[in-house]
Amino acid sequence: MTYNFFYDEAEHSKKITLKTINCEEYYDNFIATIVGWTHSQHTDIEKKYFEFENKYPDRKNKDGELKSQTFKNKHLKYGFASVTEKNIDFYEDFLSLYDERIIVYISAFSKIEYLIKQLFNDRVPPNIIYSLVKAINVYRPEEVIQAIYMEDMNLFADKFRNFFNEQISRDKNNLKLKSREIPMYVYLKIFLSYTEMHCMGTTDWSYSSSFVGFEQMLRKLNISDYNLYIDREGSKSNTLKSAMSLGLRNIEERDSKQCIGIRMADMLAGLVAKLMKSLHLSLRGDIASTIPQKKVLEKEWFMLNDRQLNLYKKLYALICSSGNKLYNCYAGVYRDDFVSFRTLLSFMSEFESVDSIKKRDYDVWSEYFNSAVCMSLAQQYGE
């Protein structure tokens, strides 16, 4: 049985430069999505997708394509609770395209993690990489970020140690909240004093990580007869070369205008990325505060109607349940946003209806969700 798979990505940065990281629209996670189905099902799925596209001609771009840009950040500020009546038909119709015939693979990788890993040898434990990346992503220490790109790694270590000293002083103003962060930062200060580092090798993004989990998924599903189609990106074909370097075969670049599978992958990647970014922004605390405060999800995320709640259930069924087992998702060492996103889908899917939500104050659900995320993160990292 032959399978056809289609790849595209969101939050793509070809180079992870200082300018890239400091860009106002920067989001740290690179999201790659692959969708696929058997060759015999292609005609029927293609017909269904064309019907969907033709229903929304006003959403197509100037090239006549329906792309992920049609999902607007403002429509997802509070997740699906922000989707208006005007747009909800479109979201429902899009997610309804994905039935049990379609295999979905999603990967998420931190761009900061990609840079930090280059500074250390392979013997550095993942928990150290995780803690360094998390410190940068949570607190955004400007001098540390700038030092990543400098040739003097002693300066990088000094800047990071200075940051840890400052943050430990702030953390002591709320020992109950920061009781675990303080000893970790003390340990990282010592680690940076005795560990050899190397200058960063390249700012060019590596696409190989996107395909590691996909190759594993193929083996676990016993799929050996397949074709993989990648959105054409120009003369360098870096994505295609990365896939081939991992031993994947039967790979071909296609123009998304002639390939509905790539358009479906693009749309799904865009939706997942925008939801993850909104969740990240909502959970980000006030880093300038001298007294650390607990940050929970705004109550607006839970002010849903039944159709909006059902969108979460559709996406949960697509990504987290049904025939799509855990190995259809793959992430790097630092995966907090991805874990929080999957926890959100699971948490929302537990509600039978919005009446179940309205039985309690919305603020209560914010606290419950915070506990659910903490539990998911602990399980993910074996704590």
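Here the structure is shown first, and the text comes after it.
In this report, we go over the structure that sits alongside the text. (Residues numbered from 1 in each chain as written. Predicted model: local features only at pLDDT ≥ 70, side-chain atom pairs only at ≥ 80, totals over all residues. Heavy atoms only, no water.)

### What to know about the environment of Gly-79
Here is step 1: As for its position among the elements, Gly-79 is in strand β3 (residues 77–80).
Here is step 2: Residue contacts for Gly-79: discarding those within four places in its chain leaves Leu-275, Trp-301 and Tyr-312. (Helix = DSSP H or I, 4+ residues; strand = E, 2+ residues; numbered from the N terminus. Contact = heavy atoms within 4.5 Å.)

### Here's the deal with the pattern of salt bridges
Here is step 1: Scanning all chains against the criterion turns up 19 salt bridges.
Here is step 2: Of the charged contacts in the structure, one is a salt bridge between Glu-92 and Arg-307, with a shortest N-O distance of 2.6 Å. In this pair, Glu-92 is assigned in helix α3 (residues 85–96) and Arg-307 in helix α12 (residues 306–319), connecting sequence segments 215 residues apart.
Here is step 3: Among the residues examined, Glu-92 registers a relative accessible area of 17% and is labelled buried. (Salt bridge = Lys/Arg side-chain N within 4 Å of Asp/Glu carboxyl O. Buried < 20%, exposed > 50% of the residue type's maximum accessible area, 1.4 Å probe, protein only.)

### Things to note about the packing of helix α7 (residues 153–171) against helix α8 (residues 181–194)
Here is step 1: Relative to each other, α7 and α8 sit at 160 degrees, their axes nearing to 10 Å. Relative to α8, the element α7 is oriented roughly antiparallel. Note on packing geometry: the crossing formed by α7 with α8 is left-handed. Seen from α7, the contacting residues are Ala-157, Phe-160, Arg-161, Phe-163, Phe-164, Asn-165, Gln-167, Ile-168 and Asp-171; seen from α8, they are Glu-181, Ile-182, Tyr-185, Val-186, Leu-188, Lys-189, Leu-192 and Ser-193.
Here is step 2: Residues of the contact of α7 with α8, tallied by class, amount to 10 nonpolar, 3 polar and 4 charged. (Axes fitted to C-alpha atoms, helices over the stretch in contact; angles between N-to-C directions. Parallel < 35°, antiparallel > 145°, perpendicular 65-115°, else oblique. Left-handed = near helix turned anticlockwise from the far one by under 90°. Nonpolar A, V, L, I, M, F, W, Y, C, P; charged D, E, K, R; others polar.)

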